[in-house]
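# Observations on the model geometry
The primary structure of each chain is shown beneath.
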Amino acid sequence: MTMHDDAARACSRKGSTARENAASVLSNEWVNDEYKHLRVRVDALAAQVKPGQFFNLQCPQTEQDKPFFRRPMSTWFANAEQGYVDFLYKVVGAGTRGLSTLRPQDAVNVLGPLGNGFTLQPGHRHILVAGRGVGLATLAPLAEHAAAHDVQVTALLSARDREHLMSQQRFLASGATVIEVTDSDGSSAMAQVEQRIRAVHQQSPIDAVYTCGSSRVILLLQRLSQELGFSGEAALEQQMACGLGMCYCCVRPMRNKESLALTDKRVCYDGPVFPLHEVVL
């Protein structure tokens, strides 16, 4: 039995629509000095993508780098009508350096969509999304999905400085109220972020919070969710290999809400989105 057969069986057991495809690169442009925006044509797969899911991308090998494993990439945008998906990624290592060499019309092997995405409850009227760096790419589709269901969105965007803030226009275009905080002006300090969230909640009660990209923000939201009574979900960033739950490379402990006991879960298969209270840091 081949690895491809194993992948197909894993997807079938979970009822996944994931498929391994040879996608075509449409564009791969620098956003700033660290991040690139990759767009690939995946045809019918684009219609199956849910906010918070990801694809596992095979990275090109170069003279400098020989990446072996795929790299998980959250979907930044999915256009069902035109059949393409967008990824926002930071060029930091062998895999992403390989991805950065892709040019229009190049082929790239993609496996997805994978994992469990974000969930909105019928009673939600106002949500807060809070993220940092490339984590904001994961949250932008959620904000658009919420807006399409008449849910008010407040987006707290964090970065080292304004140049590296991501997805502002996407959030604004969806109708979200945007709060920008940065390290360079000190506004990203947790004490100040907490004050901003409390002020938002006092003005318009938050029903749920969603986060990705910052352990400090997860810890803050866990504490505030217990005090202020809102629910939440966190999308976790984790090293992966297969992306299907077979290799157990991405296992991490999660907390049971009732018993507080720890249970090992696979981020790719059981996540990457988890209830906020389950996350252990």
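As the structure is a prediction and not an experimental result, all values here were calculated from the model.

### Section: helix 3 (residues 135-148)
Here helix 3 lies mainly inside the structure; 10 of its 14 residues are buried. Considered for burial, the residues of helix 3 that qualify are Gly-135, Leu-136, Ala-137, Thr-138, Leu-139, Ala-140, Pro-141, Leu-142, Ala-143 and Ala-146. In the stretch just after helix 3, Asp-150 is the one whose phi turns positive, near 60 degrees.

### As for the packing of helix 5 (residues 190-203) against helix 6 (residues 215-228)
Running from amino to carboxyl end, helix 5 crosses helix 6 at an angle of 40 degrees, the nearest separation of the two axes being 11 Å. Considering the angle they form, helix 5 stands oblique to helix 6. Viewed along their axes, helix 5 and helix 6 form a crossing whose handedness is right-handed. Each of Met-190, Val-193, Glu-194, Ile-197, Arg-198 and His-201 in helix 5 lies in contact with helix 6, whose residues at this interface are Arg-216, Val-217, Leu-220, Leu-221, Arg-223, Leu-224, Glu-227 and Leu-228.

### Section: the sheet that holds strand 2 (residues 35-41)
Pairing in this open sheet of 7 strands is antiparallel, and the strands run 4-3-7-1-2-6-5 from one edge to the other. Each of the sheet's edge strands pairs with one partner strand only, and the pair in question is strand 4 (71-74) and strand 5 (77-79). Here the strands of the sheet are splayed against their neighbours by 35 degrees on average, with no regard to which way each runs. As defined by bridge partners, strand 3 (residues 54-57) adjoins strand 7 (residues 107-114) across 3 bridges and the pair is classed as antiparallel. Across the sheet, Phe-54 pairs through a bridge with Leu-114, a residue of strand 7.

### So, the layout of surface pockets
Space inside the largest pocket adds up to approximately 890 Å³. What lines the largest pocket is a set of 37 residues, among which Pro-72, Met-73, Val-92, Val-134 and Glu-237 lie closest to the centre. Taken together, the elements giving at least two residues each to the lining of the largest pocket come down to strand 4, strand 6 (84-90), helix 2 (94-99) and helix 3. A per-element tally of the lining of the largest pocket places strand 4 first, with 4 residues. Here the residues of the lining of the largest pocket sort into 18 nonpolar, 12 polar and 7 charged.

### Regarding the sheet that holds strand 9 (residues 152-159)
Spatial strand order, 10-9-8-11-12-15: 6 strands in an open sheet with mixed pairing. Edge positions in the open sheet fall to strand 10 (177-182) and strand 15 (273-275), since each of these has one partner strand only. Within the sheet, the average angular offset between the axes of one strand and its neighbour, ignoring direction, is 20 degrees. With 5 bridges connecting them, strand 11 (residues 208-212) and strand 12 (residues 231-235) associate as parallel partners. Looking at strand 12, one finds that Tyr-210 is bridged to Glu-233. Here helix 6 sits on the sheet and contacts strand 8 (126-132), strand 11 and strand 12; the angle it forms with strand 11, its principal contact strand, is near 165 degrees.

### Quick notes on the nonpolar core
Nonpolar side chains in soluble globular proteins generally cluster together in the buried interior. With 32 residues, the main nonpolar core has Leu-156, Ile-197, Leu-221 and Leu-236 as its most contacted residues. Contributions of two or more residues to this core are made by strand 7, strand 8, strand 10, helix 5, helix 6 and helix 7 (267-270). Here this core takes 5 residues from helix 6, the largest share from any one element. Not counting the four nearest positions on each side in its chain, Ile-197 is found in contact with Leu-128, Leu-156, Ile-206, Leu-220, Leu-221 and Leu-224. Counting 27 residues, the second largest nonpolar core, distinct from the first, contains Trp-76, Ala-208, Tyr-210 and Cys-212.

### Thoughts on the pairing of strand 13 (residues 251-255)
Burial of strand 13 is one-sided: the residues Arg-252 and Met-254 facing one way are buried, the residues Val-251, Pro-253 and Arg-255 facing the other way are not. Note that strand 13 and strand 14 (residues 262-266) share 5 bridges and pair antiparallel. By the bridge assignment for strand 14, Val-251 is matched with Arg-266. Adjacent in sequence and paired antiparallel, strand 13 and strand 14 are bridged by 6 residues, among which Leu-260 carries a positive phi angle near 65 degrees.

What counts as what
Per chain, the residues get numbers from 1 upward, laid out in the order the sequence is written. Whole-chain, interface and lining totals are the exception, using all residues; otherwise, since this is a predicted model, local features are given only for residues with pLDDT of at least 70 and side-chain atom pairs are given and counted only at 80 or more. As a rule here, side-chain values come from all non-hydrogen atoms in the structure, and water together with hydrogens is ignored. Throughout, exposure labels follow a simple rule: accessible area from a 1.4 Å probe, protein chains only, divided by the maximum for the residue type, with under 20% read as buried, over 50% as exposed, and the rest as partly exposed. For the purposes of this entry, the term helix denotes a DSSP run of H or I that reaches at least four residues, the term strand denotes a run of E that reaches at least two, and both are numbered from the N terminus. Axis angles are defined between N-to-C directions and span 0 to 180 degrees, where every axis is a line fitted to C-alpha atoms and, for a helix, only to the segment in contact. Here the word oblique covers every angle except those under 35 degrees (roughly parallel), over 145 (roughly antiparallel) and from 65 to 115 (roughly perpendicular). Left-handed describes a crossing whose near helix is turned anticlockwise from the far helix by less than a right angle; the clockwise case is right-handed. Contacts: residue pairs with any heavy atoms within 4.5 Å of one another. Pairing between strands is defined by DSSP: at least two bridges between the two strands are required. Think of a 1 Å grid over the protein atoms and nothing else: a 1.4 Å probe that fits but is trapped marks a cavity, an open set flanked by protein within 12 Å on at least five of seven lines marks a pocket, and residues with an atom within 4 Å of a point count as lining. Grid points are joined across faces, edges and corners, and a volume is the space filled by probe spheres set on the points. In the scheme used here, Gly and all other residues not listed as nonpolar or charged are polar, with Ala, Val, Leu, Ile, Met, Phe, Trp, Tyr, Cys and Pro taken as nonpolar and Asp, Glu, Lys and Arg as charged. By nonpolar core is meant a set of buried Ala, Val, Leu, Ile, Met, Phe, Trp, Tyr and Cys residues that side-chain atoms within 4.5 Å join together.

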